[in-house]
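Structure assessment
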Amino acid sequence: MPTFASFDGLRLNYTVWEGTAAHHPVLLQHGFAADTNANWISTGVVAALRAAGLTVISLDARGHGRSEKPHDECRYTGDSMARDISALLDELGLDEVSLVGYSMGAIIALAATAADKRIRCLATGGVGSGIVDFGGVDLRVVKPAEIASALLAEDPSTVPPSGVPFRLLADATGGDRQALAAVALASQEGHLDLSSIGVPTLVLAGDQDPLAAEPERLAAAIAGARLVRIPGDHMTAVMSPAFSEALVTFLTAPQPR
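For the structure given in this document, a descriptive report is provided here.

Cut-offs used in this document
- Residues numbered from 1 in each chain as written.
- Predicted model: local features only at pLDDT ≥ 70, side-chain atom pairs only at ≥ 80, totals over all residues.
- Heavy atoms only, no water.
- Axes fitted to C-alpha atoms, helices over the stretch in contact; angles between N-to-C directions.
- Helix = DSSP H or I, 4+ residues; strand = E, 2+ residues; numbered from the N terminus.
- Parallel < 35°, antiparallel > 145°, perpendicular 65-115°, else oblique.
- Left-handed = near helix turned anticlockwise from the far one by under 90°.
- Contact = heavy atoms within 4.5 Å.
- Nonpolar A, V, L, I, M, F, W, Y, C, P; charged D, E, K, R; others polar.
- Pairing = 2+ DSSP bridges.

1. A look at the packing of helix α6 (residues 144-152) against helix α7 (residues 164-172)
The relative placement of two packed helices comes down to the angle between their axes together with the axis-to-axis distance. Two elements in contact, α6 and α7, have axes separated by 8 Å at closest approach and are oriented at 45°. The orientation of α6 with respect to α7, classified from their angle, is oblique. As α6 packs across α7, the resulting crossing turns out to be right-handed. Residues Ile 147, Ala 150 and Leu 151 of α6 pack against Phe 166, Arg 167 and Ala 170 of α7. In terms of residue class, the contact of α6 with α7 is made up of 5 nonpolar, no polar and 1 charged.

2. Focus on the sheet that holds strand β6 (residues 119-125)
Reading across from one edge, β1-β2-β4-β3-β5-β6-β7-β8 is the order of the 8 strands in this open sheet, with mixed pairing throughout. Here the strands that pair on one side only, and so sit at the sheet edges, are β1 (3-5) and β8 (226-230). In this sheet, neighbouring strand axes are inclined to one another by 25° on average, regardless of whether the strands run parallel or antiparallel. In this sheet, strand β4 (residues 56-59) lies alongside strand β3 (residues 26-29) in parallel orientation, the contact comprising 4 bridges. Counterpart to Leu 27 in the pairing with β4 is Ile 57. Here helix α4 (residues 104-115) sits on the sheet and contacts β3, β5 (97-102) and β6; the angle it forms with β5, its principal contact strand, is near 145°.

Rendered as structure tokens:
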């Protein structure tokens, strides 16, 4: 699988599935502690997009999957992951793409879209009013320090309840828990300028997902955004056929140029 050097020299892994449809290529950015396989292939999302003829690209975020995994928190601060999106577009010579992000990937996708005019269409999943109130993960549900503590705990039985899903996912995907803890600690409260996003936007949210609570507030903060609620919680909504169906319908609809 190909790799490229991002803006700071870190080598990141990506995958491309060529399509036949006359639509923008679709770039997928997975969630925290997941990777291309866990978030997009095993859930059926890639298969659904390819069945629609779309060219699909998936990026393993720094610290995840087959990409490099530094343990230094400073390698994950600020807009580094959003800049990785732009660096991949440079690498592939793409002038127009649709961008899809889930959970952490949605936060990255929102920041990238606000900064890079080559992103012409945006879909987010697994996030809600936490974006509006905290600029990222909903701190009313879980705090970055709790996630890091869960990942670094020697004894899994001592992990606090709020951190259990992240520890389980990291272990299931074979993630580098030290790198992931650094990612979590770097994701402190911030600000996303949602008013600067002017592209067609779809907000997908599981109806039982605490990390995507009040998604209507997120949709209202982005001009013209459309909200679709999906059955499921944070881990299962992306697996629902309704998620892929809504995504395909949105990404294959005629988009303003």
